[in-house]
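Working through the structure, step by step
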Amino acid sequence: MDKELFNALKVRFIRLRFTLAFLDDSILPKDKVSAIRGGMGEMLLRMNCVRDRQCETCDFTTECIVQRIMYPTLIKKPEFMTSDGSIGYILECEDHRNTFKAGEKLDFYLILFGKTIAHFNQFYQAFTVLGEQDGLGKHHAKFQITMVRNTEGMPIVIGNSINMDRYVIHSLYDHIIFRKMHLDTTCKKYMILFDSPLTLKYKNTFLHEFHIEAILAAIRRRIYILNCFEETGCDILKEGPAPQPEILVQKHYPVSVKRYSMRKNEKMILKGLKGYLMISGITEDTMTLLLVGELIHIGKNTSFGFGHFHIKCINEE
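1. Brief notes about the environment of Arg220
With respect to the helices and strands, the residue Arg220 is situated in helix 6 (residues 212–230). Judged by its relative accessible area of 9%, Arg220 is buried. Residues Arg220 and Ala8 lie 212 residues apart in sequence; the distance between their C-alpha atoms is 9.5 Å.

2. So, the side chain of His297
With respect to the helices and strands, the residue His297 is situated in the loop between helix 7 (284–296) and strand 15 (309–313). When residues no more than four places from it in sequence are discounted, the contact partners of His297 are Ile90, Glu92, Arg222, Thr302, Gly305, Phe306, Gly307 and His308.

3. A look at the state of the cysteines
Scanning the model with the defined rule gives one disulfide in all. Here Cys187 connects covalently by a disulfide to Cys313, the sulfurs 1.6 Å from one another. Linking Cys187 and Cys313, the disulfide has an S-S dihedral of approximately -80 degrees and is accordingly described as left-handed. Of this pair, Cys187 sits in the loop between helix 5 (172–182) and strand 10 (189–198) while Cys313 sits in strand 15, and the two are 126 residues apart along the sequence. Accessibility classification places Cys187 together with Cys313 in one group, the buried group. Residue Cys49 stays outside any disulfide, its sulfur separated by 6.2 Å from that of Cys55, the closest cysteine. This cysteine, Cys58, is not joined by any disulfide, and Cys64 carries the nearest cysteine sulfur, 6.4 Å off.

4. Focus on the packing of helix 5 against helix 7
Packing of helix 5 against helix 7 leaves a shortest axis separation of 9 Å and a crossing angle of 110 degrees. Classed by the angle they form, the pair helix 5 and helix 7 counts as roughly perpendicular. Contacts from Leu172, His175, Ile176, Arg179 and Lys180 of helix 5 reach helix 7 at Glu284, Thr288, Leu291, Val292, Glu294, Leu295 and Ile296. The class makeup of the residues in the contact of helix 5 with helix 7 is six nonpolar, two polar and four charged.

5. A short note on the nonpolar core
The nonpolar side chains of a soluble globular protein tend to be buried with one another. Counting residues in hydrophobic clusters, the biggest one holds 50 residues, and the most contacted among them are Phe113, Leu172, Ile192, Phe194, Ile219, Leu290 and Ile296. Elements supplying a minimum of two residues to this core: helix 1 (3–8), strand 5 (105–113), helix 5, strand 10, helix 6, strand 14 (266–280), helix 7 and strand 15. With 12 residues, the single largest contributor to this core is helix 6. Sequence-distant contacts of Ile296, defined by excluding residues within four places in its chain, comprise Ile90, Phe113, Leu172, Ile219, Arg222, Ile223 and Leu226. Ranked by size, the runner-up nonpolar core spans 44 residues in total, among them Met43, Tyr124, Phe143 and Phe306.

Here is what the cut-offs are and how they apply
Residues numbered from 1 in each chain as written. Predicted model: local features only at pLDDT ≥ 70, side-chain atom pairs only at ≥ 80, totals over all residues. Heavy atoms only, no water. Helix = DSSP H or I, 4+ residues; strand = E, 2+ residues; numbered from the N terminus. Buried < 20%, exposed > 50% of the residue type's maximum accessible area, 1.4 Å probe, protein only. Contact = heavy atoms within 4.5 Å. Disulfide = S-S within 2.5 Å. Axes fitted to C-alpha atoms, helices over the stretch in contact; angles between N-to-C directions. Parallel < 35°, antiparallel > 145°, perpendicular 65-115°, else oblique. Nonpolar A, V, L, I, M, F, W, Y, C, P; charged D, E, K, R; others polar. Core = buried A, V, L, I, M, F, W, Y, C linked by side-chain atoms within 4.5 Å.

Pasting the structure below:
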């Protein structure tokens, strides 16, 4: 493995699985991450803001825990970052059901990186209050958090009992080791399946089809941003002359996700690509990048779950 790449994989993370039980028959949108993220942000502000949400003129900005969680300031900000984004966390939800009976459960994942890992209690309280007060979606589906599991699937929270001894923190390198144990890395061909929309700009243009060089470059940029967040000083952007994988076939289609921004008080439409591409000619370092990319997501709107993909050996079936 390339030395710079190895050093860059020291970034810390924990992947938490939240299980919710709905209190009444409920209707939710197909894409739930926007509702979860929007509700989380609202609860964080409701529980912590002391200046009527006037963030632009607030004299507590440097001490604001909501700002630290949602939009942390980087001491070293990459030149390619045009705005302050949500760096320290990602939300995922693969359950696309629209209707739930009372008592039925929904799982979603919260991935925390770097310093944001220390704010678990703020996230947990935000989701707890969200379930009690506003609920999810425009129909305000009320819920209770019944369990929170760690990266290995061990319960951290069961009901009202919290066991922080199981709050085990890992590194990106740990993730690579785990994935390589469960993926046949001797395959000649692999599929990259985008489970959520990819919104990615490459060479000043948003992608309208998948390009492997753009995907790999985006993974490197994302790793670099996380290292800036961790203040490691690692420069993963220095790419060597490694050969690019070959795209054998791809299928892609545009998708749109509607959301409402409470902070901006406006409706928004987030656009991206879903689908898959089949590739061959993967080197060890390329496989490492792709496996990291599975976890950290790429492109824009990653905090909404965008840019999520997984790798599959096409000989597995």
